[in-house]
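Listed here are the chains, written in short residue letters.
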Amino acid sequence: MVPSEIRALFAMVARPEIVSLAGGAPYVSALPLDAVGRMLGDLVAGKGAEMLQYGSAQGDELLREHICEVMSLEGVQASPDDVVVTVGAQQALDLVTKIFVNPGDVVLAEAPSYVGALGTFASYQADVVHVPLDEGGLVPSALRETLASLRAQGRSVKFLYTVPTFQNPAGVTLTTARRAQILEICAEYDILIVEDNPYGLLGFDADPMRALRADDSERVIYLGSFSKTIASGLRVGWVLAPHAVRAKLVLAAESAILCPSNFSQLAVREYLATQPWREQIKDFRELYRARRDAMLDSLDQLMPDGCTWTRPAGGFFVWLTLPEGLDAKAMAPRAIADRVAYVPGTGFYADGTGHQHMRLSYCFPEPHRIREGVRRLAGVIEKEIGLRDMFGGAVGGGSTGVQAPGPDVV
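Notes on the structure in this doc start here. It should be emphasised that the depicted structure is a prediction, and the values quoted were computed from it without experimental measurement.

The next subject is the sheet that holds strand S11 (residues 317–321). The strand order S10-S11-S14-S13 describes an open sheet built from 4 strands, whose pairing is antiparallel. Here the strands that pair on one side only, and so sit at the sheet edges, are strand S10 (308–309) and strand S13 (343–344). Direction of pairing for S13 relative to strand S14 (residues 357–361): antiparallel, over a ladder of 2 bridges. Among the inter-strand pairings, Val343 is bridged to a residue of S14, identified as Arg359.

And the structure:
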């Protein structure tokens with residue numbers, strides 16, 4: 001186990017003079033905090049003894065019913081009996097990996113992939129094999145080629161891990177046509193799919209996409225979270241799995257935490273039952289759309305030639321590719337010195353490549369701060385280009401890594 005590159009930045013970027021485009025913290029201040037506070041007060045007064053007591057390892061039954069209602073917005077039809085409530089989606093991912101992965105087993109993951117997932121896979125000694133992305137999400141032909149090669153080597157592939165909608169860190173979304181192809185390929189090779197979907201309801205321009213789980217209830221294990229649509233501090237997530245897998249998940253959860261927080265579960269249950277949560281999600285979508293627009297407009301206006309970036313239709317992140325010869329990881333301390341922070345791309349590859357890339361987050365800063373952060377970052381990159389041109393070669397000496405994704409060149 002090694003420290004997360006994102007967590008390592010937190011102490012530095014907490015300083016108020018630094019514009020942080022690094023962490024993916026949701027803007028919870030947009031919640032109607034007065035109404036939520038009254039709801040919690042009434043809940044404690046009326047059901048405090050239940051909230052403060054142990055619960056079941058599977059999670060509160062009424063909350064699981066609400067979770068099924070939430071998933072139905074993405075076409076998922078599920079029974080509450082197949083839902084397990086977890087301490088955020090991160091614990092769900094840990095439990096799934098614990099159940100399926102033995103040391104040396106292969107886990108397929110997008111390149112780049114969510115840093116928290118890579119840390120979990122490493123802790124169970126999985127061998128992560130990356131499959132490239134482009135502007136349409138995971139590339140089906142590359143997935144098929146990778147699986148054929150691994151089968152020829154006699155390797156054991158346990159599952160494909162994917163964030164298909166508004167992917168973290170790239171911001172891209174798997175197209176409808178590719179979703180069907182991915183399901184077909186994984187059925188052909190008889191491997192599970194772990195669909196991690198924390199951002200699926202946060203699209204800016206269209207209704208939620210149909211989840212992979214909606215079209216395959218036996219092969220897809222779905223991970224969800226209220227961290228992005230209600231509040232990350234409550235740490236309430238869930239996993240929807242085929243029935244036989246669900247039974248193992250409950251046992252794994254019992255051994256890990258005994259039971260998830262009853263207080264948090266009942267708080268989320270009450271919020272979904274009494275508050276206008278669909279309207280609140282619409283408010284979040286508009287808020288994040290304005291911040292996405294501020295970032296993209298600033299990148300369009302200020303970034304030096306040779307930089308490219310994704311143009312997300314939802315979620316929290318933009319993936320920026322630097323000009324040839326620049327190293328985002330080596331450049332990061334110099335960016336901090338110029339009072340702007342980002343996450344180097346190396347944290348999103350199991351093999352430590354990705355030096356030419358960085359993740360930029362627009363979810364938390366106000367739009368004017370985003371614009372200022374992009375202005376400072378553009379200045380840092382211009383200085384790096386000057387050093388590269390003066391001295392030649394890669395500034396910082398890092399490998400550029402996998403050149404994916406790089407859509408929507410401006």
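A word on the environment of Trp277. Structurally, the position occupied by Trp277 is in helix H11 (residues 277–302). With near-sequence residues (within four places) excluded, Trp277 lies in contact with Glu69, Val70, Leu73, Tyr271 and Leu272. Among the polar contacts made by the side chain of Trp277, one reaches the main-chain carbonyl oxygen of Leu272 at a distance of 3.3 Å.

Okay, the packing of aromatic side chains next. The full count for this structure, using the stated rule, is 12 aromatic pairs. Between Phe316 and Phe317 the ring centres are 6.0 Å apart and the planes differ by 70°, which places this aromatic pair in the edge-to-face class. Of the two residues examined, Phe316 and Phe317, each falls in the buried class. Following the ring pairs from residue to residue traces out a cluster consisting of Tyr199, Phe284, Tyr288, Phe316 and Phe317. The residue whose ring lies beneath Arg291 is Tyr27, and the NZ or CZ to ring-centre distance is 4.2 Å.

Before going further, it helps to examine a nonpolar patch on the surface. On the surface, Val44, Leu52 and Phe263 cluster together into a nonpolar patch covering about 280 Å² of accessible area. Among the secondary structure elements, Leu52 is positioned in the loop between helix H2 (33–51) and helix H3 (61–72). The class for Leu52 is exposed, based on a relative accessible area of 66%.

Because side chains alternate across strand S2 (residues 83–86), one face comprises the buried residues Val83 and Val85, and the other comprises Val84 and Thr86, equally buried. Note that S2 and strand S9 (residues 237–240) share 4 bridges and pair antiparallel. When the bridges of S9 are listed, Val85 appears paired with Trp238.

When a protein is soluble and globular, its nonpolar side chains tend to lie buried together. Core analysis: the biggest nonpolar cluster contains 95 residues, and Phe121, Phe159, Phe226, Leu299, Met303 and Leu360 have the highest contact counts within it. Sort the elements by how many residues they give to this core and H11 lands first, with 9 residues. When residues no more than four places from it in sequence are discounted, the contact partners of Met303 are Ser298, Trp309, Leu320, Val374, Leu377, Ala378 and Ile381.

What counts as what
Residues numbered from 1 in each chain as written. Predicted model: local features only at pLDDT ≥ 70, side-chain atom pairs only at ≥ 80, totals over all residues. Heavy atoms only, no water. Pairing = 2+ DSSP bridges. Helix = DSSP H or I, 4+ residues; strand = E, 2+ residues; numbered from the N terminus. Contact = heavy atoms within 4.5 Å. Polar contact = N/O pair within 3.5 Å; in protein donor to acceptor, adjacent residues only side chain to side chain. Phe/Tyr/Trp six-rings, centres within 6.5 Å; stacked < 30°, edge-to-face > 60°. Buried < 20%, exposed > 50% of the residue type's maximum accessible area, 1.4 Å probe, protein only. Lys NZ or Arg CZ within 6 Å of the ring centre and 35° of its normal. Patch = residues over 30% accessible without salt bridge, like charges linked within 9 Å, V, L, I, M, F, W, Y side chains within 5 Å. Areas by Shrake-Rupley, 256 points an atom, 1.4 Å probe, with all protein chains shown as cover. Salt bridge = Lys/Arg side-chain N within 4 Å of Asp/Glu carboxyl O. Core = buried A, V, L, I, M, F, W, Y, C linked by side-chain atoms within 4.5 Å.

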